[in-house]
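Working through the structure, step by step
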Amino acid sequence: MRRTGPEGRRIAWETAGSGPALVLLHGSFGHRGVWRSGGHVDALAGEYRLVLIDAIGYGDSDAPLDPDAYRVERQADDVAAVLDAEGIGRTAFWGASMGGIVGLHLLARRPERLTCLIAGGAHAGEVGFARAEVEQEAALCREKGAAPFVEAAERQGFLPGWMRDAMLAVDPEVLAAQTLGASARPGVDGAVAAAGVPVLLLTGDRDRRLPGILRTAEAVPDASLVELPGCSHMDAFLRLDLTLPVVRPFLRRYAAA
């Protein structure tokens, strides 16, 4: 495990396997270890040099309580700093939920760093919530942590124990800071479309984010969209049996570009 980062931020990561580089970035209720628990590392390390990153606030990375630290553009810069530290000029990228959002913004800001992008349960559209609504959700996070989100995920489908544990381990204060910091972000659909980098959008057809993902797919004409039947938001990460048959050919075609 190593640490680096811009502006004094320490971002933790590790590598596994060999081949073309592939960054794996988790969602907002995890850490880099969920890619191992989910079977992704075992499935992909034979073909790719995997770079597993702990996003700011998670795992072994710094966990500031300033909401500004969690702005999506700063998280995209964190990924670029890891690539620089590893001596990686260009990489494939697979991001789950929040990780997919960071990947889309990294592509919009620094398209020269990516050979291709897989975004699960994420879109590139503009997001902005009313301040009162955001403050209310942040207060709920401070009081109950990730427990309400775990309960919601379990209502939507099966949640493995390792994923449940990872979600509940998130510091409630970090979760509140992230909620505030990520409550607004610009739309980057146009920049993603102009980048000319292959994009694969994975989504469950029961994901409440589906309308935004469909809008991104429409705005990025060359993007590939795969809707997983009967699946929730979490399933776009958890259901490796459904995603891997789509991801493997995509990576084999574009990752080494």
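Everything that follows concerns the structure shown earlier in this document.
The next subject is the environment of H105. Looking at where H105 falls in the secondary structure, it is placed in helix α4 (residues 98–109). In this structure, the C-alpha to C-alpha distance between H105 and A191, residues 86 residues apart in sequence, is 8.8 Å. Those residues within four positions of H105 in sequence are excluded, and the remaining contacts are V72, A76, R185, P186 and V188.

All told, the structure shown has 5 aromatic pairs when counted by the stated rule. Of the aromatic side chains, those joined through ring pairs into one cluster are W35, W94, W162 and F237.

Attention now moves to α4. Compared with the 16 Å implied by 1.5 Å per residue over 12 residues, the 17 Å span of α4 between its first and last C-alpha is a close match. A large share of α4 lies buried, amounting to 10 of its 12 residues. Among the residues making up α4, those that are buried are M98, G99, G100, I101, V102, G103, L104, H105, L106 and L107.

What follows concerns unusual backbone geometry. Phi is positive for S97, close to 55°, though the residue is something other than glycine. Following the sequence through the fold, S97 ends up in the loop between β5 (91–96) and α4.

Within the element layout of this structure, L44 appears in helix α2 (residues 40–44). Since its relative accessible area comes to 1%, L44 is described here as buried. Spatially, the C-alpha atom of L44 lies 37 Å from that of F129, the residues being 85 residues apart in sequence. Ignoring any residue separated from it by four or fewer positions in sequence, one finds L44 in contact with L22, L50, W94, L244, R248 and L251.

Moving on to helix α3 (residues 72–86). Helix length check: α3, at 15 residues, gives a terminal C-alpha distance of 22 Å against a target of 21 Å (1.5 Å per residue), a fit within 8%. With 12 of 15 residues buried, α3 is to be regarded as a mostly interior element. Among the residues of α3, those classed as buried are V72, R74, Q75, A76, D77, D78, V79, A80, A81, V82, L83 and E86. Downstream of α3 by one or two residues, G87 has phi in the positive range, about 70°.

The next subject is the pairing of strand β4 (residues 49–53). Across the 5 residues that make up β4, a large majority, 4, are buried. Note: strand β2 (residues 11–16) against β4, 4 bridges, orientation antiparallel. Following the sheet pairing, E14 is matched in β4 by L52.

With their axes 8 Å apart at the nearest point, α3 and α4 run at an angle of 80° to one another. Regarding the angle of α3 to α4, the classification is roughly perpendicular. Listed contacts from α4 to V72, E73, Q75, A76, D77 and V79 of α3 are M98, I101, V102, H105, L106 and R109.

On to the side chain of R32. For R32, the location among the structural elements is in the loop between β3 (21–25) and α1 (34–37). A polar contact of 2.4 Å, which involves the side chain of R32, links it to the side chain of D54.

This part is about the pattern of salt bridges. Using the criterion set out here, one finds 20 salt bridges in the structure. For the salt bridge of E14 with R32, the shortest nitrogen-to-oxygen distance reads 2.7 Å. Taken together, the residues span a long stretch of sequence, with E14 in strand β2 and R32 in the loop between β3 and α1 at a distance of 18 residues. Given the relative accessible area of 11%, R32 is considered buried. Salt bridges here are not isolated pairs; linked through shared partners, they connect E14, R32, R36, D54 and D60.

Procedures and definitions
Residues numbered from 1 in each chain as written. Predicted model: local features only at pLDDT ≥ 70, side-chain atom pairs only at ≥ 80, totals over all residues. Heavy atoms only, no water. Helix = DSSP H or I, 4+ residues; strand = E, 2+ residues; numbered from the N terminus. Contact = heavy atoms within 4.5 Å. Phe/Tyr/Trp six-rings, centres within 6.5 Å; stacked < 30°, edge-to-face > 60°. Expected span 1.5 Å × (residues − 1). Buried < 20%, exposed > 50% of the residue type's maximum accessible area, 1.4 Å probe, protein only. Pairing = 2+ DSSP bridges. Axes fitted to C-alpha atoms, helices over the stretch in contact; angles between N-to-C directions. Parallel < 35°, antiparallel > 145°, perpendicular 65-115°, else oblique. Polar contact = N/O pair within 3.5 Å; in protein donor to acceptor, adjacent residues only side chain to side chain. Salt bridge = Lys/Arg side-chain N within 4 Å of Asp/Glu carboxyl O.

None of the figures reported here should be taken as evidence of function without further support.
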